[in-house]
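Secondary and tertiary structure notes
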Amino acid sequence: MNTHKILIADNDTAECEQIAQSFIQSGYQVETTASAADVVNRVMQKETELVLLGDEFQDHVMVTDLVRILKKCNQELNIILVADTLSPAEERCFRQEGIFYHALKPVCTEDTDEIRLAVECAFNSTLEPTAATDNNYQLH
């Protein structure tokens, strides 16, 4: 059993459940929520390692604000944003805040596969030391 924990957060509960089932079948521990406050609480309590974050919540919180808050709570948290309608300015903002990846909302199986690959990469990135550390490179 995979011990990695994923929190899927979006107001579209049907979509959350569909994505969750895909990850549960792969052995991940998955929870879903439609509440931004719940996301913040779980991140603060260190109950999740990765958040798949949609762009709408029951509490009508702006997702840009939520990402900023989550990264302040835990800079090491991997956030994969799953959203269709981002302006270039919003995209820049999310990248500056340090999201791991941005994916479009899944329409078909291949889209879910893209998200699964992003999740695997996010978990692998936290496990693998950087090349600079491996090779004892030092900046002068």
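Computed from a predicted model, the values in this text were never measured in an experiment.

Here is what the cut-offs are and how they apply
- Residues numbered from 1 in each chain as written.
- Predicted model: local features only at pLDDT ≥ 70, side-chain atom pairs only at ≥ 80, totals over all residues.
- Heavy atoms only, no water.
- Helix = DSSP H or I, 4+ residues; strand = E, 2+ residues; numbered from the N terminus.
- Polar contact = N/O pair within 3.5 Å; in protein donor to acceptor, adjacent residues only side chain to side chain.
- Buried < 20%, exposed > 50% of the residue type's maximum accessible area, 1.4 Å probe, protein only.
- Lys, Arg positive; Asp, Glu negative; His and termini not counted.
- Salt bridge = Lys/Arg side-chain N within 4 Å of Asp/Glu carboxyl O.
- Contact = heavy atoms within 4.5 Å.

Focus on the side chain of S35
Among the secondary structure elements, S35 is positioned in the loop between β2 (29-33) and α2 (36-44). For S35, the side chain forms a polar contact with the main-chain nitrogen of D38, separated by 3.1 Å.

Some points on the side chain of K71
Residue position: K71 is located in helix α3 (residues 63-73). Buried charge K71 goes without a salt bridge, the closest partner of opposite sign being E76 at 7.2 Å. Not counting chain neighbours up to four residues away, the residues in contact with K71 comprise L77, I79, E97 and G98.

Some points on the pattern of salt bridges
Applying the stated rule across the entire model yields 8 salt bridges. Ionic pairing is found between D10 and K105, a salt bridge with its closest N-O pair at 3.8 Å. Pair noted here: D10 is in the loop between β1 (5-9) and α1 (13-25) and K105 is in the loop between β5 (101-103) and α5 (109-127), with a separation of 95 residues, a long-range link. By the burial criterion, D10 is buried, and K105 matches it. One salt bridge connects R42 with D38, and the closest N-O pair in it is separated by 3.0 Å. With R42 and D38 both in helix α2 and 4 residues apart, this pair spans about one turn of that helix. On the accessibility criterion, R42 (15% relative accessible area) is buried. Among the residues examined, D38 registers a relative accessible area of 21% and is labelled partly exposed. One connected set of salt bridges, linked through shared partners, spans D10, D55 and K105.

Keep in mind these numbers describe shape, not what the thing actually does.
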